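The primary structure of each chain is shown beneath.
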Amino acid sequence: MSEKDRDRIEVVTRVVAGKMSAQRAADVEQVSLRQVRRQIKAFREEGVGGLIHGNRGRASGRSLPVELRERVCALLGDAYADYNTSHVRDELASAHGIRLSYATLYRWRRGMGQRGPRPHKVAAHRQRRERAAREGQLVQVDGSAHRWLEERGPELCLIAFIDDATGKMLGALFRQEEDAAGYMAVLHQVCRRYGLPGTLYSDRHTIFESPKKATLEQKLAGETPLSHLGRTLHTLGIARIAAQSPQAKGRVERLFGTLQDRLVKELRQQKASTLEAANRVLQAYLPKFNSRFARPPALPDTAFSPWPRHLRARSVFACHYTRTVANDNTVAFGGLHLPIPPKPDRHTWARARVHLYLHYSGTLYIVYQDRVLASFAHDPNVPVRVDHFVPATPITYAPTPAKRDEAQKASLTTQPPPTPAANHPWRHSPIGRNAQVP
């Protein structure tokens, strides 16, 4: 049973139980209302089996006999091994009276692992795309792993943002690997220098697209799973285009070709051998590159948007998590128990739902109702990764009860339990110790 079948069964079950309308079920399944009514009727008459197609597991009525395929495959492996597919088709029809389509013969040969003697290569047809009209309207992004430091240092990954309209390199950063934290850092650079771009043009990496499939509840709510970087783009209102091939985002690909020639020599001249030194050289090189290769846009007005005042950068450019505070006033994350220090107005947040923001710089914030309860610094010697936090200093926490908790606990142990008053309603209850229950 496929995932689509399971979702269909769940939706129809909800409709039959009266928890969902048929029209809503049609929208979720993306079928007609009439089809949903057929499914409801089949479910009531045949149960779950009525929602699964009757031909499931059956051989196609148009399939060719197995004996015919075995006979043809024997000929393909012996007499016609060096014939091309079109020639084989003609010989089978004339010499053996077997008439097959070209597609069937091609599929059978591929199934045998056999290729034609002269494989044809069809040239890809591509149409040149015009540049965006305004600066900031479309920004191409990508990462390039390369020996940027040659033999002087480790292999690094360069994450770069280039404007499609002008060819200007808006921001760039060297990282140990291509990761979400690096893209957030460069995007923050661009937002501070220029503003919010309109659209990002990227590849189909899981950094941009969550590999998780939408659950049924998300489908019902019209939601799609988002990666951490995808959530950042959604919060900022930045659209994204997923390229189907490297040639589609050729501007950033050609950018890396230029930088692998020129920037490598610049790093060599500056004798950069570490990640920190490479980033210093890179930031100084950006104006030099833009003055040489940037060009004016077709339209003078910019497409960059101003930063929304209601957003905080520490929560936007970060990985988001939700946790429940334990009874000892700690939050569990990444195998750690992070303590929340007491505040003057409140000393415990036990059982409260809090948000954790792991900023791209490594700082981890614990936030409750837009209030930062605690923050922890990341180990500078360990790269920042998604779902992974290494504190700069060991976290030790021995919870001590507050004074008022101690007083309350002492009163509970020393004072006798309260006795109801003489006029308490409990004493006048019609059900007493010796009363008869009718």
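Residues numbered from 1 in each chain as written. Predicted model: local features only at pLDDT ≥ 70, side-chain atom pairs only at ≥ 80, totals over all residues. Heavy atoms only, no water.

**Q** Tell me about the environment of histidine 228, and name the residues and values.
**A** Locating histidine 228 in the fold gives a position in helix α9 (residues 228–236). Sequence separation between histidine 228 and tyrosine 321 is 93 residues, and the spatial gap between their C-alpha atoms is 9.9 Å. (Helix = DSSP H or I, 4+ residues; strand = E, 2+ residues; numbered from the N terminus.)

**Q** I'd like a rundown of the packing of helix α2 (residues 22–29) against helix α3 (residues 33–46), residues and numbers included.
**A** If you want to describe how two helices pack, look at the angle between their axes and the distance between the axes. For the pair α2 and α3, the least separation of the axes is 9 Å and the interaxial angle reads 105 degrees. Classified by the interaxial angle, the pair formed by α2 and α3 is roughly perpendicular. For the pair α2 and α3, contact is made by Ala22, Gln23, Ala25, Ala26 and Glu29 and by Leu33, Val36 and Gln39, respectively. In the contact of α2 with α3, the residues fall into five nonpolar, two polar and one charged. (Axes fitted to C-alpha atoms, helices over the stretch in contact; angles between N-to-C directions. Parallel < 35°, antiparallel > 145°, perpendicular 65-115°, else oblique. Contact = heavy atoms within 4.5 Å. Nonpolar A, V, L, I, M, F, W, Y, C, P; charged D, E, K, R; others polar.)

**Q** Provide a residue-level description of the packing of helix α10 (residues 250–269) against helix α11 (residues 275–293), including the pertinent values.
**A** Taken N-terminus to C-terminus, the directions of α10 and α11 make an angle of 125 degrees; their axes are 11 Å apart at the nearest point. Between α10 and α11, the interaxial angle falls into the category oblique. Relative to α11, the crossing made by α10 is right-handed. Together, Leu255, Thr258, Leu259, Arg262, Leu263, Glu266 and Leu267 of α10 and Ala278, Val281, Leu282, Tyr285, Lys288, Phe289, Arg292 and Phe293 of α11 make up the contact between the two elements. (Left-handed = near helix turned anticlockwise from the far one by under 90°.)

**Q** So, the sheet that holds strand β1 (residues 139–146): which residues are in play, and what are the values?
**A** Pairing is mixed across the open sheet formed by five strands, whose spatial order is β3-β2-β1-β4-β5. Where the open sheet ends on each side, the last strands, each with one partner, are β3 (169–175) and β5 (239–242). Mean inter-strand twist for the sheet, computed between neighbouring axes without regard to direction, equals 20 degrees. Two strands pair when backbone bridges link them, and β1 and strand β2 (residues 156–163) are joined in this way by eight bridges, in the antiparallel orientation. If you follow serine 144 over to β2, its bridge partner there is leucine 158. (Pairing = 2+ DSSP bridges.)

**Q** Lay out the nonpolar core in plain terms, naming residues and giving numbers.
**A** Soluble, globular proteins show a tendency: their nonpolar side chains are buried together. Membership of the largest hydrophobic core comes to 49 residues, with the highest contact counts inside it found for Phe161, Leu236 and Ile366. The leading source of residues in this core is helix α7 (residues 180–193), at nine residues. When residues no more than four places from it in sequence are discounted, the contact partners of isoleucine 366 are Val331, Leu338, Ile340, Val354, His355, Leu356, Arg371, Val372, Leu373, Ala374 and Phe376. If you look at the next biggest cluster of nonpolar residues, it comprises 24 residues, including Leu158, Met169, Phe174 and Tyr285. (Core = buried A, V, L, I, M, F, W, Y, C linked by side-chain atoms within 4.5 Å. Buried < 20%, exposed > 50% of the residue type's maximum accessible area, 1.4 Å probe, protein only.)

**Q** I'd like to hear about the packing of aromatic side chains, residue by residue, with values.
**A** This model, assessed by the stated rule, comprises ten aromatic pairs. With 5.7 Å between their ring centres and 65 degrees between their planes, tryptophan 148 and phenylalanine 174 make a pair best called edge-to-face. Taken together, the residues tryptophan 148 in the loop between β1 and β2 and phenylalanine 174 in strand β3 connect sequence positions 26 residues apart. Each member of the pair, tryptophan 148 as well as phenylalanine 174, carries the same accessibility label: buried. Ring geometry for tyrosine 285 against phenylalanine 289: centres 6.3 Å apart, planes inclined by 50 degrees, an arrangement best described as tilted. Taken together, the residues tyrosine 285 and phenylalanine 289, both in helix α11 and four residues apart, mark about one turn of the helix. Through successive ring pairs, a cluster of aromatic residues spans Phe161, Tyr183 and Phe208. Against the face of phenylalanine 293 rests arginine 292, its NZ or CZ located 4.7 Å from the ring centre. The ring of tyrosine 365 is capped by arginine 314, whose NZ or CZ atom sits 5.9 Å from the centre of that ring. (Phe/Tyr/Trp six-rings, centres within 6.5 Å; stacked < 30°, edge-to-face > 60°. Lys NZ or Arg CZ within 6 Å of the ring centre and 35° of its normal.)

**Q** For α11, give the residues involved together with the corresponding values.
**A** Taking 1.5 Å of rise per residue, 19 residues should cover 27 Å, and α11 covers 25 Å from first to last C-alpha, within 8% of that figure. At tyrosine 285, α11 shows its strongest bend, of approximately 35 degrees, with the proline proline 287 following within four residues. Among all positions in α11, only Ala277, Ala278, Asn279, Val281, Leu282, Tyr285, Leu286, Phe289 and Asn290 are buried. Looking at the packing, one finds that the buried side of α11 touches β2, β3, α7 and α10. (Expected span 1.5 Å × (residues − 1). Bend = angle between axes of the 7 residues up to and from the residue.)

**Q** Go over the sheet that holds strand β6 (residues 318–324) with me, naming the residues and quoting the values.
**A** Here four strands make up an open sheet; going across it, the order is β6-β9-β10-β11 and the pairing antiparallel. The outermost strands of the open sheet, each flanked by one partner alone, are β6 and β11 (371–376). In this sheet, adjacent strand axes meet at a mean angle of 25 degrees when their direction is disregarded. Here strand β9 (residues 353–359) pairs with strand β10 (residues 364–368) via four bridges, running antiparallel. Each bridged residue has a counterpart across the sheet, and for histidine 355 the counterpart in β10 is valine 367.

**Q** Got a sec to walk through the side chain of serine 202? Specific residues and values, please.
**A** Considering the arrangement of structural elements, one finds serine 202 in strand β4 (residues 199–202). Separated by 2.8 Å, the side chains of serine 202 and arginine 240 make a polar contact. With residues up to four places along the chain from it excluded, the contact list for serine 202 reads Val141, Phe208, Arg240, Ile241, Ala242, Ala243 and Lys249. (Polar contact = N/O pair within 3.5 Å; in protein donor to acceptor, adjacent residues only side chain to side chain.)

**Q** So what about the pairing of β3? Which residues, and what values?
**A** Within β3, seven of the seven residues are buried, which leaves it mostly tucked inside the rest of the structure. In the sheet, β2 pairs with β3 via six bridges, with the strands oriented antiparallel. Residue isoleucine 162 lies in a different strand from β3, and its bridge partner there is methionine 169. Linking β2 back to β3 in an antiparallel pair, the connection comprises five residues, with glycine 167 at a positive phi of about 75 degrees.

**Q** Describe the pattern of salt bridges, listing the residues and the values that go with them.
**A** Where charged atoms from two side chains of opposite charge approach closely, those side chains can pair. Tallying each qualifying case throughout the model produces 17 salt bridges. Of the charged contacts in the structure, one is a salt bridge between glutamate 10 and arginine 14, with a shortest N-O distance of 3.1 Å. One end of the pair, glutamate 10, and the other, arginine 14, are both in helix α1 (residues 3–16), four residues apart, so they sit about a helical turn from each other. Using a relative accessible area of 33% as the deciding quantity, one classes glutamate 10 as partly exposed. The residue aspartate 179 makes a salt bridge to arginine 175 at a minimum N-O spacing of 2.7 Å. Judged by relative accessible area, which is 10%, aspartate 179 ranks as buried. On the basis of relative accessibility, which here comes to 16%, the residue arginine 175 falls in the buried class. In this structure, a network of salt bridges that share partners links the residues Asp5, Arg8 and Glu29. (Salt bridge = Lys/Arg side-chain N within 4 Å of Asp/Glu carboxyl O.)

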